[in-house]
Amino acid sequence: SMASTSFSWVSSSWLQNSTLTKTVNADAAKVSDGVPALKVVAQKKAKKLRKVILKEDVTKLGKKGELLDVKAGYFRNFLLPMGMAQIVTPGLIKEMKMEDERIEAEKRRVKEEAQQLAQIFETVGAFKVKRKGGKGKLIFGSVTAQDLVDIIKAQLQRDVDRRIVSLPEIRETGEYIAELKLHPEVVARVRLNVYAN
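Just so you know, these numbers come straight off a predicted model, no measurement behind them.

What counts as what
- Residues numbered from 1 in each chain as written.
- Predicted model: local features only at pLDDT ≥ 70, side-chain atom pairs only at ≥ 80, totals over all residues.
- Heavy atoms only, no water.
- Buried < 20%, exposed > 50% of the residue type's maximum accessible area, 1.4 Å probe, protein only.
- Helix = DSSP H or I, 4+ residues; strand = E, 2+ residues; numbered from the N terminus.
- Arc of directions from axis to C-beta.
- Contact = heavy atoms within 4.5 Å.
- Salt bridge = Lys/Arg side-chain N within 4 Å of Asp/Glu carboxyl O.

(A) Expanded view of helix α4 (residues 72–79). Looking at α4, one finds that the buried residues are Ala72, Phe75 and Leu79. Taken end-on, α4 shows its buried residues confined to a sector of 105 degrees, consistent with a single buried face. On its buried face, α4 sits against β1 (49–54), β2 (67–71) and β3 (85–87).

Below, the structure is given as structure tokens:
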């Protein structure tokens, strides 16, 4: 719309000014050669698209957070009143970028914390687990993830969810390695020293 208004203004001022030199007339001729440019603008205008961002998944259109060009009428009559999309502005794009960066920074922070915790677990030495002794090296009962969680809580004052603990089967005394999945990309290896009393 902007382009077409300035365009017509330029050509009308040329027409009014009859004292134009030949070179400018040549330019004016060039402009009239380029008439299709006006047509393109007109076609675009008829279609009228809006750049929008989807606020939720819309069937056959796209997923939440997607940037799309949609027909202005479709946006005005359906997407907007249903609260499914909003017009994309530079401010909105900036906000989205900041939100993405914030999420990324948070992910990094969580991973770094997990790495620090893994370091603590791996340098702490073996956790001692006492069991009632049986015949030879056998122990009564086994050692469970919950046992390890309790020991970690007692020794390091750290709460660990037992669902992240994987333990080998422990039926006798000796040293074992348990794995703690502290983060999708961080696994801590924890040594367990099982002995009989």
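(B) Looking closely at the pattern of salt bridges. The full count for this structure, using the stated rule, is 12 salt bridges. With its nearest N and O atoms 2.6 Å apart, the salt bridge here joins Glu185 to Lys111. Taken together, the positions of Glu185 in the loop between β6 (174–183) and β7 (186–196) and Lys111 in helix α5 (residues 90–123) put the pair 74 residues apart, joining distant regions of the chain. Across the pair Glu179 and Arg189 runs a salt bridge whose closest N-O atoms are separated by 3.2 Å. Of this pair, Glu179 sits in strand β6 while Arg189 sits in strand β7, and the two are 10 residues apart along the sequence. Residue class for Arg189 comes out partly exposed when judged on its relative accessible area of 45%. One network of salt bridges, with partners in common, ties together Glu106, Arg109 and Glu113.

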